[in-house]
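# Fold and contact review
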Amino acid sequence: MSYRKGSKVWVEEKGEGWLEAEVVDAKERAVVVLTSQRKKISVLPEKLLPRDTDEDLGGGHVDDMTKLTYLNEPGVLYNLKRRYALNEIYTYTGSILIAVNPFTRLPHLYNEYMMEQYKGVRLGDLSPHVFAVADASYRAMVNDSRSQSILVSGESGAGKTETTKLIMRYLTYVGGRAVLDDRSVEQQVLESNPLLEAFGNAKTIRNDNSSRFGKFVEIQFDKTGRISGAAIRTYLLERSRVVQINDPERNFHCFYQLCASGKDAELYKLGHASTFHYLNQSKTYELEGTNNEDEYWKTKRAMDIVGISRSDQDAIFRTLAAILHLGNIEFSPGKESDSSKIKDSTSNFHLQMTATLLMCDPDLLVSSLCSRSIHTNEGIIIKALDCAAAVANRDTLAKTVYARLFDWLVENINKSIGQDVDSKAQIGVLDIYGFESFKHNSFEQFCINFANEKLQQHFNEHVFKMEQEEYKSEKINWSYIEFIDNQDMLDLIEKKPIGIIALLDEACMFPKSTHVTFATKMFRNLSSHPRLEKTKFSETDFSISHYAGKVTYQTDSFLEKNRDYIVAEHCNLLSSSRCPLLSGLFTSLPEESVRSSYKFSSVASRFKQQLQALMETLSSTEPHYVRCVKPNSVNRPQLFENQSVLHQLRCGGVLEAVRISLAGYPTRRTYAEFVDRFGVLVPELMLGSYDERALTESVLEKMKLDNFQLGRTKVFLRAGQIAILDVRRAEVLDNAARRIQGRFRTFIARKEFVKTKEASISVQAYCRGCFARKMYKIMRETAAAIILQKHVRRLIVQRNYQEACSAALLIQSCIRGFIARRYFSTIREQKAALVIQSFWRKRKVAMLFQHYKRATIAIQCAWRQKLARKELRKLRMTANEAGALREAKNKLEKKLDDLTLRLTLERRIRAAGEETKLVEISKRDKIIETLSAECAAAKSSARSEHDKNLLLQRQLDDSLGEIAMLRSNKILKAEEEKQNSNLKNIVKSLSEKNSLLENELSTARKSSDDTMEKLKDVEGKCTHLQQNLVKLQEKLTNLENENHVLRNKAFNISPKTVSEVLPFYNPLKFSVFFRHTTILKFSASIGLPNSEQKHIFETPTPTKHLAPIPHSTGTRRQKLPVERHEGNHEILSRCIKENLGFKDGKPVAACIIYKCLLHWRAFESERTAIFDHVIEAINDVLKAKEADGRLPYWLSNTSALLCLLQKNLRSNGFFGTPSHRSNGSLGLGGRTGQVRNPACQLFSLSLVGRGDTLAQVDARYPAILFKQQLTACVEKIFGQLRDNLKKEISPLLSVCIQAPKSTRAQPGKASKSPGAGAQQPSNSHWDNIVNFLNLLMDTLRENYVPSFFIRKLITQLFSFINIQLFNSLLLRRECCTFSNGEYVKAGLSLLEKWITDVTEEFAGTSWHELNYIRQAVGFLVIHQKRKKTLEEISQDLCPSLSIRQIYRICSMYWDDKYNTQGISNEVVSAMREMVNKDTANLVSNSFLLDDDLSIPFSTEDLSMAIPATDYADVELPECLHLHPSVQFLLKVS
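What you are looking at is a predicted structure, and each value in this text was computed from that prediction instead of being measured. (Residues numbered from 1 in each chain as written. Predicted model: local features only at pLDDT ≥ 70, side-chain atom pairs only at ≥ 80, totals over all residues. Heavy atoms only, no water.)

Applying the stated criterion to the full structure yields zero disulfides. Not part of a disulfide, cysteine 770 finds its nearest cysteine sulfur in cysteine 767, a span of 6.3 Å. (Disulfide = S-S within 2.5 Å.)

Spelled out as structure tokens, the structure:
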């Protein structure tokens, strides 16, 4: 194609692959381009590829590379590079997912929330993700009842294994089942990964955890889509790695884990890995960031989960240890020629350890290593092996044992997981090695690349099939499009009888064949094949041109690695092992196999058969492809190597898919997109309404293009056609730009002329003004000089007068002050004399009064003494009556015994309480002493400050005296001028001293004031503590009163009753419980936190916890009142189950229940089951099917009942006696009056709850526990109602986040003014949300739910709306557009109007809960984003959003309305650096918001926010009038 100046192109470069460039000069045979590195290069036009001119719009990248304007190699490469720089590691190419390894943790992409987002979503609706591919395969399996397969490929280190884990994790998430036993299928499938990684993965040059085998996991599902079984197949384990590794690679992980296992390693006589030959061939023993010992225990745990027994685990690790010891066995030449023997004692030790661990005969082991037997007709011939053959024989044994052990592990895992034979639908996940091309390529690379050629053929067929399906769906002709495959490559490798594999097997059949004979025969038979080449510098190496490039293979070890000999001696040795696992791996050989010591088996042929079976499995399924890409070779994040990625794209078949697409119609656009881009070519047809398909056809006809076809919804263009259209579009836009520039230059020139003219007029006016101002200034200065002279003369005269006046006033004031002070001192002396006289007279009178008082008291005492003696004589006469006294004595002794027993109980109870009192009082006294000491210190400091002030005051008085004396000297010596001047100087210095002293005095006063303020603060604290102490004393007094009541109750119990109760009474437990209750009450009284109170209230109800005290048959205890009302459960059940409605906004059910409980005195009962019945009945109602519709009703009832309990119940301890129940007095032998007037009782019931002045009810433990249970019930109802609302509004929100097509910006019809108003939302989506909110408000108001609950509910609902909209915005790129921002902003304005309408009483802070989505949408709809700095965005536009969230929006934003550019690259780079720095420090670097599931209120909030309910006027419903248990309510009414 032809290029013009200014065209954007791609130019090929060796180091970077491709570079961005712009054409600066176009010649006939060469084009001069300016690269992005500012270099000019002259290249041929054929070597350039076109680049999209509008690629900077829409973020510069697309999530599906079929949307690229130019689908070519550099376009694919740079699209991946730009997305990788934004941490967008997933990209689609049609239905193929490309995953770039980020080399860093991105947990926010793989949490459960993200899996829920992709669940059931069509592929392509959300951002590219591996979960989307997994979900697409699962949905296709469920909907079409056809098996699926997911093929994960890529080179070592690209992340295949991790991607496979994520796919399996998602499949177990959507298809998991309930665990039927200890280990579920999905758990075993996932846990099999670390086990297979330990035995099948190893470190290579490119990857620390490279899979050295292929794995196909087949997950089986039942008819309902639940996982019913699973199976794992493995392919081509790299057995040679067991015995041979290259530096810096490692052997399989399990060997290093076993060496680092501690005690287990000592048990098997294992040391460090460097002491074993099979491991020390490489100096790399540890992996960065991996602990071998921890990995060992993880492997053992995985064995437990998949069901491997402990004995089998021991056998497995014994076998691994035996392989390591086997590798350390060395050989030396024997006595006979071509024979060998064990080299030394060290080798002999390892031989013995190997035999011990394998549980076999050591001599038989030596014989199997150093010799081989040949069975002939004459007999058995034993042939000795030389040292080299013995070493090869040893390595063969090690490889065979490890390979069979690995196969046994896979088989055992499959048995443990269990396969569903009846399953008709499966999803297979293939994790297989990618295409490999190293400096040295051997037999393993040949087999791996052969497998990739097979998979690439399957991939090409799938891509071509997808192309055909799209052409068919669009109804265009595609029959002439050729399909290019790699069948010739496969024929070269596997075709018989002259394929490479067939020739290799033939060479392996002959013992004397070498790699030279194999290479010679291959070149002789296949030299004419175009894909096979012979290397120049080697006779045995050959090159094959694979689909991904040319690879050179070294045939040195082809024959050895292809031969899989079955050595009879090895089988006999291990089949005789005493270890059941080993003997089971090596069963006895058939007769024909025993005749030859070595039986040949081809590894390549067996692998070919496995591969053929795999391809048949894949052909029977619908495939899905994931191509993993390794961005760099150093495993560092944010580093993208173009050449490496290009090579992987070729190896992964992505560019092959592009090539297939280019063979047909690579450019395909919807008619709307085509018209939007190329409508400028036919502006005359763009006016008014038009048909997009017809307009597209008109554009193509006008441009005279032939290679296109029009489908149903898209136009299809052949390669190169879009470039012609772009060239013509660029010409049209250039012409339009020139015309606009001409008009603009004319406007600028005229504007400059007008500005120059106006400037000249302004200069002239300014000059004239300057001249006039100069003349005015001269005149003004002359007038000012005259005024200035006048004022100077006046000031001189005035100053002289003031000096004379001030001197006279000074003299007069000094004389008057001297006279006044002398008069004041005289008066003060007289007053002091009068005070002394008055005190002396007062003292004399007081002494006389005291003398008279003592005399009077003495007389009174003498008289009383006389009367007392008379009374004593009378008492002594009465005491002589002995008979009456004896009877009284006997009665008193009996009472004394009873009192002694009762006092013993009372003392124990009181001792526990007094100990607690003393401890708390001592603590409080210490606090008061500390504060008193601080107060005393503050007072002493204040006194010292006051003394200093007095001292300064005295100094000031002395200085004033000196000033007075000096002034008097000045008056006496006025005629002496010299002395007068000296006195003035002295006065001046003294005045300075005086000012200094005054400053010091003011400073001292300030410090004194500060000290006084501190002292006042200390006194205030002291007063507060004293008040607390007074409250504490009051509480202690209350406790003493309760103890007094208890003592009186103890006195009233008869001795017989005491003797009955004592056997069931434990004084220690009772004292501990009473002490605990006292501590609770005390901590509550002073406001200390009570950590144990919650524990007490969470215990079971007393009816289920306390055991009843048995009664004797002779006495019958009085039952509690509530126990006589067990039949009242029915009325409570009816109140709860039936909807009794509301009266004057008060819930009838709650009021009736409270009245009944209050009348039955349930709150005062120490043991009752009625509260349990109420809670269970409410829970039963909430569990019913129609419970969701009654949640508002029960939220109103339970909250009202809870508020009644909080406001009308008082907790006075569990064992106190309520004061209003005792009507009589208590004495030693008296009884308590229990008589109550029924009329008074009903009257008091009707008045309870009418105000705070009425007496509250004392609650016992069951009532307090009931209140706690009711609180939990309120929280449960609120949470259930909130969760139901979230479920109902979620579908509405999912359709509101994205504007419908009818409301998006129409192509070619966008508003010409960037400041045009935002569009109004479409008909029903946002209106449905508003209607939903209105219906919710109506329902809540109908059920009289308190405004407090409505406010909390609406606030949390709007918080959920904010989270859902914001998260959806960050997950879907099509939502981060300008027109969609306008749509969502208009919808938010409807929500704002709704919040305003319902007022703040019900909405609360709901509008502030939408901060995240408001700021995000506001950012989407602002203009000139490129001019915004990072500070303006993060502080002004989006202050609530984190840098990670802003960066996510910026990376996904594109302007679909005005095609303007987004945020500048500098700001995006700065944000990317900040995000990368914070990634390492954050626990979770998720940019999504989490939903708040907490309860947004506490019990204290309810009591403060909800007003008291006056339940007295709530009447009993008519449906309950006939019930006998509530007749008292009718009497009250």
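Once you've had a look at it, read on.
Residues Lys866, Arg869, Lys870, Arg873, Lys874 and Arg876 make up a contiguous surface patch of positive charge. Within the secondary structure, lysine 866 is located in helix H26 (residues 721-878). (Patch = residues over 30% accessible without salt bridge, like charges linked within 9 Å, V, L, I, M, F, W, Y side chains within 5 Å. Areas by Shrake-Rupley, 256 points an atom, 1.4 Å probe, with all protein chains shown as cover. Salt bridge = Lys/Arg side-chain N within 4 Å of Asp/Glu carboxyl O. Lys, Arg positive; Asp, Glu negative; His and termini not counted. Charge placed at Lys NZ, Arg CZ, Asp CG, Glu CD. Helix = DSSP H or I, 4+ residues; strand = E, 2+ residues; numbered from the N terminus.)

Among the nonpolar cores identified, the biggest contains 267 residues, and Phe199, Phe255, Tyr402, Phe1163, Phe1349 and Leu1391 are the most heavily contacted of them. Among residues more than four places away in sequence, those in contact with phenylalanine 1349 are Leu1195, Ser1199, Val1274, Phe1278, Phe1497, Leu1502 and Ile1506. The next biggest cluster of nonpolar side chains, apart from the first, holds 51 residues, and it includes Ile432, Phe435, Tyr547 and Leu611. (Core = buried A, V, L, I, M, F, W, Y, C linked by side-chain atoms within 4.5 Å. Buried < 20%, exposed > 50% of the residue type's maximum accessible area, 1.4 Å probe, protein only. Contact = heavy atoms within 4.5 Å.)

Next up on the list: a nonpolar patch on the surface. Taken together, the side chains of Ile811, Ile815, Phe818, Ile819 and Ile971 make up a nonpolar region of the molecular surface, amounting to roughly 440 Å² of accessible area. The element best represented in the nonpolar patch is H26, accounting for four residues.

Attention now goes to the pattern of salt bridges. For the structure shown, the criterion picks out 29 salt bridges. Lysine 203 is the salt-bridge partner of aspartate 208, the closest N and O atoms lying 2.9 Å from each other. With relative accessibility at 29%, the residue aspartate 208 sits in the partly exposed group. For lysine 203, a relative accessible area of 13% corresponds to the buried category. Here arginine 212 ties to glutamate 436 by a salt bridge, and the two come within 3.7 Å at their closest N and O atoms. Of this pair, arginine 212 sits in the loop between strand S10 (210-211) and strand S11 (214-221) while glutamate 436 sits in the loop between strand S17 (425-431) and helix H13 (443-474); the two residues are 224 residues apart in sequence, bridging distant segments of the chain. An identical accessibility class is assigned to arginine 212 and glutamate 436; each is buried.

Here the focus is unusual backbone geometry. The bulk of non-glycine residues show a negative phi, and the bulk of peptide bonds are trans. The peptide bond linking aspartate 247 to proline 248 adopts the cis configuration, its omega dihedral lying at 10 degrees. Position of proline 248 among the secondary structure elements: in the loop between strand S12 (227-235) and helix H6 (253-259). Residue lysine 269 is not a glycine yet carries a positive backbone phi of 60 degrees. Structurally, lysine 269 is set in the loop between helix H7 (263-267) and helix H8 (292-306). Positive phi outside glycine occurs at tyrosine 1344, with the angle close to 50 degrees.

Glancing now at the sheet that holds strand S24 (residues 667-670). Reading across the sheet, the three strands line up as S24-S26-S25 and stay open at both edges, with antiparallel pairing between neighbours. The open sheet has two free edges, formed respectively by S24 and strand S25 (708-710), since each of these has just one partner strand. Adjacent strand axes in the sheet meet at a mean angle of 15 degrees, parallel and antiparallel pairs treated alike. Contacting S25 and strand S26 (714-717), helix H25 (residues 692-702) crosses the sheet at an angle of about 165 degrees to S25. (Pairing = 2+ DSSP bridges. Axes fitted to C-alpha atoms, helices over the stretch in contact; angles between N-to-C directions.)

For the rest of this paragraph, the subject is helix H10 (residues 345-358). Given a rise of 1.5 Å per residue, 14 residues ought to cover 20 Å, and the 20 Å separating the end C-alpha atoms of H10 matches this to within 8%. When we look at burial in H10, the residues that qualify are Ser347, His350, Leu351, Met353, Thr354, Ala355, Leu357 and Leu358. Its side-chain oxygen placed 3.4 Å from the backbone nitrogen of threonine 346, aspartate 344 serves as the N-cap of H10. Of the residues trailing H10, methionine 359 is marked for its positive phi of about 55 degrees. (Expected span 1.5 Å × (residues − 1). Polar contact = N/O pair within 3.5 Å; in protein donor to acceptor, adjacent residues only side chain to side chain.)

We now examine the pairing of strand S6 (residues 90-93). Of the two faces of S6, both are covered, the one formed by Tyr90 and Tyr92 as well as the one formed by Thr91 and Thr93. Pairing geometry for S6 and strand S7 (residues 96-100), over four bridges, is antiparallel. Across the sheet, the residue bridging to threonine 91 is isoleucine 98, located in S7. Here S6 folds back onto S7, and the loop between the two strands holds two residues, one of which, glycine 94, carries a positive phi near 70 degrees.

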